Amino acid sequence: MMTDSLVTKATDDASIRVIIDFSKMPDVTLFTGRKNGKAAKPYFDVKQGTFYIFKANDDQVITSSYFLGLVGDELSNLLGDLENISELLEHIDTENINAISKNECVRAIKRGLAPDVVTL
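Keep in mind that this is a model prediction, so the values were computed, not measured.

Some details on the overall build of the protein chain
Argument step 1. Scanning the protein chain for helices and strands turns up 4 helices and 6 strands.
Argument step 2. Across the protein chain, helices and strands are ordered from the amino to the carboxyl terminus as β-β-β-α-β-β-α-α-β-α.
Argument step 3. Scored against the burial criterion, the 120 residues of the protein chain give a buried share of 43%.
Argument step 4. Once local pairs closer than 6 in sequence are excluded, the contacts in the protein chain between residues at least 24 apart make up 73%.

Concerning the packing of aromatic side chains
Argument step 1. Taken as a whole and assessed by the stated rule, the structure comprises 6 aromatic pairs.
Argument step 2. Where Phe54 meets Phe67, the ring centres are 5.1 Å apart and the plane angle is 85°; that geometry is what we call edge-to-face. Taken together, the residues span a long stretch of sequence, with Phe54 in strand S4 (residues 51–55) and Phe67 in helix H2 (residues 64–80) at a distance of 13 residues. Taken as a pair, Phe54 and Phe67 share a single burial class, namely buried.
Argument step 3. A network of ring pairs unites the aromatic residues Phe22, Phe31, Tyr43, Phe44 and Tyr66 as a single cluster.

Describing the side chain of Gln60
Argument step 1. Counting through the fold element by element, Gln60 comes out in the loop between S4 and strand S5 (61–62).
Argument step 2. Among the residues examined, Gln60 registers a relative accessible area of 0% and is labelled buried.
Argument step 3. Not counting residues within four places of it along the chain, the set of residues in contact with Gln60 comprises Phe22, Ser23, Met25, Pro26, Val28, Thr29, Phe31, Asn98 and Ser101.

Digging into the packing of helix H1 (residues 34–44) against H2
Argument step 1. Contact pair H1 / H2: the axes reach a minimum separation of 6 Å and the direction vectors enclose 55°. With respect to their mutual orientation, H1 and H2 come out oblique. Along this stretch, H1 crosses H2, giving a crossing that reads as right-handed. Across from Arg34, Asn36, Gly37, Lys38, Ala40, Lys41 and Phe44 in H1, the residues of H2 making contact are Ser65, Tyr66, Leu68, Gly69, Leu70, Val71, Asp73 and Glu74.
Argument step 2. Within the contact of H1 with H2, the residues separate by chemical class into 6 nonpolar, 4 polar and 5 charged.

Regarding H1
Argument step 1. Buried within H1 we find Gly37, Ala40, Lys41 and Phe44. End-on view of H1: buried residues confined to an arc of 140°, all on one side of the axis. Those residues of H1 that are exposed and angled more than 90 degrees off the buried face are Lys35, Ala39 and Pro42.
Argument step 2. Taken from the residues just after H1, Asp45 is the one with a positive phi, measuring 55°.

Quick word on the nonpolar core
Argument step 1. Formed by 29 residues in total, the largest nonpolar core has its most connected members in Ile20, Phe22, Phe44, Phe54 and Leu70.
Argument step 2. Of all the secondary structure elements, the ones that give two or more residues to this core are strand S2 (15–21), H1, S4, H2, helix H3 (85–89) and helix H4 (99–112).
Argument step 3. With 8 residues, the single largest contributor to this core is H2.
Argument step 4. Phe22 has contacts with Phe31, Phe44, Phe54, Lys55, Ala56, Gln60, Ile62, Tyr66 and Leu70, leaving out every residue within four places of it along the chain.

Conventions and cut-offs
Residues numbered from 1 in each chain as written. Predicted model: local features only at pLDDT ≥ 70, side-chain atom pairs only at ≥ 80, totals over all residues. Heavy atoms only, no water. Helix = DSSP H or I, 4+ residues; strand = E, 2+ residues; numbered from the N terminus. Buried < 20%, exposed > 50% of the residue type's maximum accessible area, 1.4 Å probe, protein only. Contact = heavy atoms within 4.5 Å. Phe/Tyr/Trp six-rings, centres within 6.5 Å; stacked < 30°, edge-to-face > 60°. Axes fitted to C-alpha atoms, helices over the stretch in contact; angles between N-to-C directions. Parallel < 35°, antiparallel > 145°, perpendicular 65-115°, else oblique. Left-handed = near helix turned anticlockwise from the far one by under 90°. Nonpolar A, V, L, I, M, F, W, Y, C, P; charged D, E, K, R; others polar. Arc of directions from axis to C-beta. Core = buried A, V, L, I, M, F, W, Y, C linked by side-chain atoms within 4.5 Å.

Here it is, written out as structure tokens:
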């Protein structure tokens, strides 16, 4: 079920799909900073899910730090239910964001959510 919100949650069987659509903010072309991502959680109504779909316009860039701020906690929780980072990446759809943002998302997950990474 699609709504006008920036995040759409749909349930089918046991999975919860979360769609985060940056394209609904066409005037913003750069999403950067973990603090900014965290601050945007209420705006995007980010919730725990089992499958995350990101959408953005071709000219919008989302940095790894913004991804971590926006969905890092939720992805970390999901990772706890999965075998490894590779399996977590199977729960992320980045087909509707540009190559730069896609690389940033994967980098955020591999560097920021790896169990052996120490954060300060």
